[in-house]
Amino acid sequence: AFGKLIPDSLEELIDPKQTALVIVDMQNDLCSPEGYLAVHDGQDVSPNRSIIEPLKVLIEKARQAALPIVYVQYTVDPTHRLTNPAWVYNHLRERPGGKGHITLVSLEACFEGTWGWEVIPELTPEPGDIIIRKNHLGAFWDTNLDKILRGNGIKTVVVTGTATAGCVFDTAVGAAANDYYTVVVRDCVTQNDSSGHLLGLEILTRRYDHPTASDLKAIWAQ
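Residues numbered from 1 in each chain as written. Predicted model: local features only at pLDDT ≥ 70, side-chain atom pairs only at ≥ 80, totals over all residues. Heavy atoms only, no water.

Asker: Help me understand the packing of aromatic side chains, please; the structure alone is not making it clear to me.
Answerer: The description of an aromatic ring pair uses the distance of the two centres, along with the angle that the planes make with each other. Counted according to the given criterion, the structure contains 1 aromatic pair. Pairing Phe140 with Tyr180 gives two aromatic rings, centres 5.9 Å apart and planes at 35°, and the pair type is tilted. Here Tyr180 lies in the loop between helix H9 (167-177) and strand E5 (181-190) and Phe140 lies in the loop between strand E3 (130-134) and helix H8 (145-151), a separation of 40 residues in the sequence. In this structure, Phe140 and Tyr180 share a single accessibility class: buried. (Phe/Tyr/Trp six-rings, centres within 6.5 Å; stacked < 30°, edge-to-face > 60°. Helix = DSSP H or I, 4+ residues; strand = E, 2+ residues; numbered from the N terminus. Buried < 20%, exposed > 50% of the residue type's maximum accessible area, 1.4 Å probe, protein only.)

Asker: How should the pairing of strand E2 (residues 69-74) be read in this particular structure?
Answerer: Successive residues of a regular strand alternate their side chains across the two faces of the sheet. In terms of burial, E2 is a largely internal element, 6 of the 6 residues being buried. Burial along E2 is two-sided: the residues Ile69, Tyr71 and Gln73 and Val70, Val72 and Tyr74 are all buried. Sheet analysis places strand E1 (residues 19-24) next to E2, joined by 4 bridges and oriented parallel. If you follow Leu21 over to E2, its bridge partner there is Ile69. (Pairing = 2+ DSSP bridges.)

Asker: How should the sheet that holds E5 be read in this particular structure?
Answerer: The pairing of strands in a sheet happens through backbone hydrogen bonds and is either parallel or antiparallel. Strand order in this open sheet of 5 strands is E3-E2-E1-E4-E5, and the pairing throughout is parallel. If you trace the sheet from one side to the other, it starts and ends with E3 and E5, each paired once. Pairs of neighbouring strands in the sheet enclose a mean axial angle of 20°, with direction left out of account. As defined by bridge partners, E1 adjoins strand E4 (residues 156-162) across 6 bridges and the pair is classed as parallel. Within the sheet, the bridge partner assigned to Leu21 lies in E4 and is Val158. (Axes fitted to C-alpha atoms, helices over the stretch in contact; angles between N-to-C directions.)

Asker: What is the right way to look at the nonpolar core in this model?
Answerer: Nonpolar side chains in soluble globular proteins generally cluster together in the buried interior. With 39 residues, the main nonpolar core has Met26, Leu55, Leu58, Leu123 and Trp220 as its most contacted residues. Of all the secondary structure elements, the ones that give two or more residues to this core are E1, helix H2 (28-31), helix H3 (36-39), helix H5 (52-64), E2, E5 and helix H11 (213-220). With 5 residues, H5 is the single largest residue contributor to this core. Residues contacting Leu123, with those up to four places away along its chain left out, are Met26, Ile52, Leu55, Lys56, Ile59 and Tyr71. Of all hydrophobic cores here, the second largest spans 25 residues; its members include Leu149, Ala172, Tyr180 and Leu201. (Core = buried A, V, L, I, M, F, W, Y, C linked by side-chain atoms within 4.5 Å. Contact = heavy atoms within 4.5 Å.)

Asker: Sorry if this is basic, but what is going on with the pairing of E5 here?
Answerer: Most of E5 is tucked away: 7 of the 10 residues are buried. Note that E4 and E5 share 6 bridges and pair parallel. Within the sheet, the bridge partner assigned to Val158 lies in E5 and is Val183. Traced from E4 through H9 to E5, the parallel crossover comes out right-handed. (Right-handed = clockwise from strand over helix to strand, strands pointing away.)

Asker: Help me understand H11 in this model?
Answerer: Structural remark: α-helix, 3.6 residues per turn; residues separated by three or four positions point the same way. Within the sequence span of H11, burial applies to Ala213, Leu216, Ile219 and Trp220. Viewed along the axis of H11, the buried residues span an arc of 135°, placing them on a single side of the element. (Arc of directions from axis to C-beta.)

Asker: In this structure, what is going on with the pattern of salt bridges? I would like to understand it.
Answerer: As a working rule, side chains carrying opposite charge can pair if their charged atoms are close by. Taken as a whole and judged by the stated rule, the model has 9 salt bridges. Between Asp25 and Lys134 there is a salt bridge; the shortest N-O distance is 3.0 Å. Here the residue Asp25 occupies a position in the loop between E1 and H2, and Lys134 occupies one in strand E3, the gap between them amounting to 109 residues. Of the two residues examined, Asp25 and Lys134, each falls in the buried class. The closest approach of N and O atoms between Glu122 and Arg49, which form a salt bridge, is 2.9 Å. Residue Glu122 is located in the loop between helix H7 (105-108) and E3, and its partner Arg49 is located in helix H4 (residues 46-49); the two are separated by 73 residues in the primary sequence. You can call Glu122 partly exposed: its relative accessible area is 28%. Arg49 gets classed as partly exposed once you look at its relative accessible area, which sits at 27%. It is possible to trace a salt-bridge network through shared partners that takes in Arg63, Glu126 and Asp129. (Salt bridge = Lys/Arg side-chain N within 4 Å of Asp/Glu carboxyl O.)

Written out as structure tokens, the structure reads:
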């Protein structure tokens, strides 16, 4: 099309030679029953945990197919010296109806170097995996992810993790904005807030390819 070679099948789109699997923010503070969201914010984290098993199998298949595995960790400076005032304002400002932001996790959790900041043990990174520390929602903003992916010949980014309408959404948008083929694994993205998850998923599946984990595993198993 238009003089360009464009993938015309999912098999071509997620060819292991050009694809990276990205796991967004599957961290203890966000996904563990002992983490910040559950203990300090009172959230039921079972939705965030619901993708652990399918994601674990997907990661295993991706390793077998020699895909780069990218773990993204939301990272907060505990002193807040590096925190931008606009970032604080966005999370403290009043919402319609007089209600504040539903959680201050973006300011009070995932402090770098703590247990809560680490990837959950069920999905622990292995030597050789790529670790990206981010200070904003999207994994492409103010990180070296784009440089690393291009240096490894990556053309397609497969996005998984949490939260669907937050960090997953911004990471997918960032991938597309940086001219990567963007794929969202629709049963490997999640959010504790079901309405937010459905809203994010609706927009993501309108914009990007959205196969299931089984679809990808079947292709990568070949």
